[in-house]
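Listed below, chain by chain, are the residues.
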Amino acid sequence: MPIRVKIDRDQCIADMVCVSLCPDVFEMDPNDGKASIKKEFRADPNDPSVGEVPDQYKECVENAANSCPVNIIHIE
Ligand code: SF4
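Values in this document were obtained by computation on a predicted structure and should not be read as measured data.

A.B. asks: Teacher, can you tell me more about the overall build of the protein here?
C.D. replies: In terms of helices and strands, the protein carries two helices and five strands. Going from N to C terminus, the protein has its helices and strands arranged as β-α-β-β-β-α-β. Taking 76 residues into account, the globule formula puts the C-alpha radius of gyration at 11 Å, and the protein, at 11 Å, falls close to it. Along the longest, intermediate and shortest principal axes, the C-alpha atoms of the protein span 30 × 25 × 20 Å.

A.B. asks: Quick question: what am I supposed to make of the nonpolar core here?
C.D. replies: Generally speaking, a soluble globular protein has its nonpolar side chains buried in company with each other. Of all hydrophobic cores here, the largest spans 21 residues; its most connected members are V25, F26, V53, V61 and I73. Sorting the residues of this core by element identifies β1 (3-7), α1 (17-21), β3 (35-37) and α2 (58-67) as the ones contributing at least two each. At four residues, α2 tops the list of elements feeding residues into this core. What I73 contacts, discounting residues up to four positions off in sequence, is V5, K6, C18, F26, A64, A65 and C68.

A.B. asks: I'm lost on the site of the ligand in this one. Help?
C.D. replies: Around the ligand sit 13 residues, and of these C12, D15, M16, C18 and C68 come closest. Here the ligand occupies the largest cavity. Its residues assigned to classes, the shell around the ligand shows 12 nonpolar, no polar and one charged.

A.B. asks: Before we go on, may I ask you to explain the side chain of S49 in this structure?
C.D. replies: Inspection of the secondary structure assignment puts S49 in the loop between β3 and β4 (50-53). When its relative accessible area of 12% is taken as the criterion, S49 is described as buried. A polar contact of 2.6 Å, which involves the side chain of S49, links it to the side chain of D47. Not counting residues within four places of it along the chain, the set of residues in contact with S49 comprises V5, K6, I7, R9 and I37.

The rules behind these values
Residues numbered from 1 in each chain as written. Predicted model: local features only at pLDDT ≥ 70, side-chain atom pairs only at ≥ 80, totals over all residues. Heavy atoms only, no water. Helix = DSSP H or I, 4+ residues; strand = E, 2+ residues; numbered from the N terminus. Rg over C-alpha atoms; globule rule 2.2 N^0.38 Å. Core = buried A, V, L, I, M, F, W, Y, C linked by side-chain atoms within 4.5 Å. Buried < 20%, exposed > 50% of the residue type's maximum accessible area, 1.4 Å probe, protein only. Contact = heavy atoms within 4.5 Å. Near = heavy atom within 4 Å. 1 Å grid on protein atoms, 1.4 Å probe; cavity = no way out; pocket = protein on both sides within 12 Å on 5 of 7 lines; lining within 4 Å. Sits in = over half its atoms within 2 Å of the grid points. Nonpolar A, V, L, I, M, F, W, Y, C, P; charged D, E, K, R; others polar. Polar contact = N/O pair within 3.5 Å; in protein donor to acceptor, adjacent residues only side chain to side chain.

Here it is, written out as structure tokens:
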């Protein structure tokens, strides 16, 4: 089952910790400089804050969520 990931992007401090730990799933959006779900995993292509991510990435998404200094990556 895919895991649902949500980033509260408004509060992102753009330190790129999630991108360093899980570059297959997270990227920095060049438009606003905040963390985003990569396009291929977005639930809605126009919404960079919500992803449906295959189970194989669970560990790296969890690492990113646990390491985000402002705790804004949520796994549902
Ligand atoms: S780890 Fe958190 S604060 Fe840092 S870039 Fe990722 S979402 Fe933003």
